[in-house]
Every structure is written in C-alpha cells, then in structure tokens.
Amino acid sequence: MSTCPIDSRVIRPIRFIAGQCQMLDQRLLPAEEVWNSYKTYQEIAEAIRTMVVRGAPAIGVAAAIGVWFGARDIETESSWDFYQELEKICAVLLATRPTAVNLFWALERMKHFAQSNLDRSVVELKIGLEYEALAITQEDEKINQQMGRNGESLLVDGARVLTHCNAGALATAGYGTALGVIRAAVEAGKKISVIADETRPFLQGARLTAWELQKDNIPVTLICDNMAGYLMSKGDIDCVIVGADRIAANGDVANKIGTYTVAVLAKEHNIPFYVAAPISTIDLSLSDGSLIPIEERDGREITHIKDIQLAPEGISVRNPAFDVTPHRLVTAIITEHGVVKGDYLTGLNKIVKQH
Ligand code: MRU
C-alpha cells in the first residue's frame, strides 16, 4: 500500500509500478488517496467485488489484468492444460459483479486470445495475454477520448450539465465516458458547468465525480439525488449525460440506481438525456433491458455510513445497485464510433457488427 497523491491532472485509477498493478482505492476517496498493490488474480477479483475499482470500463480493465496475473502463475507446459486453468481463473473474475458487461467482454477477449493460439507454447501464451491486458488498458483511454470528440458538439457553450454516479476517469482507465464528453467540450473551449448527483448509497457522485472534476478545475456543484427535479423545474439544467453498465440491443440502458428517475424527470422537462458508453458496453445478446441482471448489494450500504447507523436495527432494506432506463427516454447514445439516435436496434447493431 502506498499513499502518494495523484501527481497531475491526468487521473488514471490503475497503474503499473515495478511489475505490480496498483489501484487507487476508490472506497476511501476523497478523504484519502491510497494506492493498493495487487499481485494475484484472487486479489484483483476481491478488489472488483469490494469496489476498490468500479465503473464498467475500469472493471473490464481490472479483470483483464487479473487474467494476465493468473496466467503468469499457471505452472504447466501443456497449452491445453494452461487453457483449462485459465478458464477457472476467468470464472472467478466473472463472479465478482453481474451488471457491467465490460467485465464479460474483457474476459471473453482474453480467453479468445488463448483459445485461438493453443498451437503456441505456454510461454508465448503468457506473453500474449500480458500484451492483450495492456492493450485493453491503453485502448480504453483512447476510446474515451474519441467518444469525447464525438459527443462534445452536443454540449453547447455555457451548458449546465447534470450527471449521475461517476462515469469519469475513475470509472475507466482514464478520461472517462460521460465526464470524457464534458472534458472534451471544455478542451474545445466551451464553458461547461456540472451538477453532480450525490448518488446514494455509495456516493460515487459526491465522493468521486466531485473529486475528479474539482481536480480538473471543471466547475461542479453537488446536489442530493432528490434535488434534480427541482433544479430542472427552475430551468437550471440544460442536459443530462450519464455512463452505462450495459446497453441492450434495443437501446435500454442499465446504469447506476437513480438514473431512470433522472431520465423520467428530464423527459418531463424536455431536457436532452445522453448516454456515453464504449461499444464494449453494448450487449446485443439481450433484446431489451428487462434481461439485464441487476446487482443487489448489502443493505448495510443504506442503513449505515461507515459505522454510523442511520436506520433502526433489523429494518428491511432493498439495495438494487442499478436500474434500467427505457430507450424511449434516451436522446442519443454516444460511442467511440459515432452517435446513435432514434432507431437504436438498427443503429447499435450496425455499429457493433462493423467493429
Ligand atoms: O457500482 P459502480 O460504481 O461500478 O457503478 C458505476 C456506474 O453505474 C457508472 O455510471 C457506469 O459504470 C458508467 S462508468 C463509465
């Protein structure tokens, strides 16, 4: 564990130092900037499960690194036996969180590399998997920058943009999806200000979005989740932009719990509602959002903040971590390969199949 602060404006929550993977412990932000070191796939699986690292693209990146580290430690000279072991490692990583499809996507990509190179030696497979994991990490930031360039024209100069949860650099290898679009608009010279929902119960908005935008000198105002409707009714919000954990073939969007509420409010007030996500978040195997598995988390996240009890002992609690916004409430989906509007079934299918 090391406690050195992030040294520049460029926030990257996963880094490599002396052959080790380090992740910024997002559970401790903004109070502490602590980097944890990881050497094994089991440790990385635990980091994903306990949300040291979170956000759909970052989960995918961490899982790929987990496969690389797991592969490194497999002791066999048979490529076939190696692959059998690799599948077990992937199964452990797969079981960490159910909603973000980027996790499944990254594991499939790692497995596919090994499976299609079984004629190579184990040493070569290990080198190849390292290369693949590093490529997934580096590509992610570039994808986000491209997404930003594709989406920034949707934000007019002076726009007051509401966002929910954290779809920023912290949720990716760097730059961010929804916050990437905002960053790109700022880089294009526009004056953009952000209204960040606090995002109960895990407070990704209050703790993470507020932290990273402040670090980037992008004006940000924090509100409680239940204030968004009032601000919209007063004309204080020009558009909404959020990330996604999984997008079904018809354009229904699973994202952090509370996103659906914001989308309904935006519709009521005639405010554009944008989603920014890489194509690795699109799951064409699911026809609509009702099929997306929704993670239910420990009720203690609601009844307590750290050790402070907020609700009576023994109270019944529901804690779904995500919800699904129907595509009819989504104005446009911004990807690294273009902006999709209207007929999502055709548009998303085309964009995914082409790449
Ligand atoms: O539970 P989390 O923090 O992993 O959920 C994250 C979100 O819902 C984000 O909005 C989503 O992953 C998009 S991140 C680029």
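Going by the structure above, here's the rest.
## Some points on the sheet that holds strand β3 (residues 35–38)
Strand order in the open sheet formed by 3 strands is β1-β2-β3, with antiparallel pairing between adjacent strands. The sheet terminates laterally at β1 (14–17) and β3, the two strands that pair on one side only. Adjacent strand axes in the sheet meet at a mean angle of 35 degrees, parallel and antiparallel pairs treated alike.

## Re the packing of helix α1 (residues 41–49) against helix α2 (residues 56–72)
When two helices pack together, their arrangement is captured by the angle between the axes and the distance separating the axes. Relative orientation of the contacting elements α1 and α2 amounts to 165 degrees, with a least axis distance of 8 Å. Between α1 and α2, the interaxial angle falls into the category roughly antiparallel. As α1 packs across α2, the resulting crossing turns out to be left-handed. Contacts between α1 and α2 involve Y41, I44 and I48 from the first element and I59, A62, A63, I65, G66, F69 and G70 from the second. Its residues placed into classes, the contact of α1 with α2 shows 8 nonpolar, 2 polar and no charged.

## Remarks on the site of the ligand
Lining the immediate surroundings of the ligand are 18 residues, of which R54, R97, D245, N255 and K256 lie closest. Between the ligand and the protein, one listed contact pairs an oxygen atom with a side-chain N or O atom of D245 at 2.7 Å. Judged by the proximity of its atoms to the pocket grid, the ligand belongs to the largest cavity. Classifying every residue of the shell around the ligand by side-chain character gives 8 nonpolar, 6 polar and 4 charged. Two domains each provide a minimum of three residues to the shell around the ligand, namely domain 1 (2–144) and domain 2 (146–353).

## Description of the environment of V101
By secondary structure assignment, the location of V101 is in helix α4 (residues 101–115). Taking C-alpha positions, V101 is 18 Å from E132, a pair spaced 31 residues apart along the chain. Non-local contacts of V101, meaning those with residues more than four positions away in its chain, are made with D245, R246, S280, T281, I282 and D283.

## With respect to the nonpolar core
M23, I44 and L86 are the most contacted members of the largest nonpolar core, which has 43 residues in total. Among the secondary structure elements, those contributing two or more residues to this core are β2 (20–24), α1, α2, α3 (79–94), α4 and α5 (122–151). Look past the residues within four positions of I44 in its chain and what remains in contact with it is M23, Y38, A62, I65, G66, F69 and L93. Among the nonpolar cores identified, the runner-up in size contains 28 residues, and A228, I247, L329 and I351 belong to it.

## Quick notes on the side chain of N36
With respect to the helices and strands, N36 occurs in strand β3. For N36, a relative accessible area of 10% corresponds to the buried category. A distance of 3.2 Å separates polar atoms of two side chains, one belonging to N36 and the other to D25. Polar side-chain contacts of N36 include one of 3.2 Å to the side chain of Y38.

What counts, and where the lines are drawn
Residues numbered from 1 in each chain as written. Predicted model: local features only at pLDDT ≥ 70, side-chain atom pairs only at ≥ 80, totals over all residues. Heavy atoms only, no water. Pairing = 2+ DSSP bridges. Helix = DSSP H or I, 4+ residues; strand = E, 2+ residues; numbered from the N terminus. Axes fitted to C-alpha atoms, helices over the stretch in contact; angles between N-to-C directions. Parallel < 35°, antiparallel > 145°, perpendicular 65-115°, else oblique. Left-handed = near helix turned anticlockwise from the far one by under 90°. Contact = heavy atoms within 4.5 Å. Nonpolar A, V, L, I, M, F, W, Y, C, P; charged D, E, K, R; others polar. Near = heavy atom within 4 Å. Polar contact = N/O pair within 3.5 Å; in protein donor to acceptor, adjacent residues only side chain to side chain. 1 Å grid on protein atoms, 1.4 Å probe; cavity = no way out; pocket = protein on both sides within 12 Å on 5 of 7 lines; lining within 4 Å. Sits in = over half its atoms within 2 Å of the grid points. Domains from an automatic or database assignment. Core = buried A, V, L, I, M, F, W, Y, C linked by side-chain atoms within 4.5 Å. Buried < 20%, exposed > 50% of the residue type's maximum accessible area, 1.4 Å probe, protein only.

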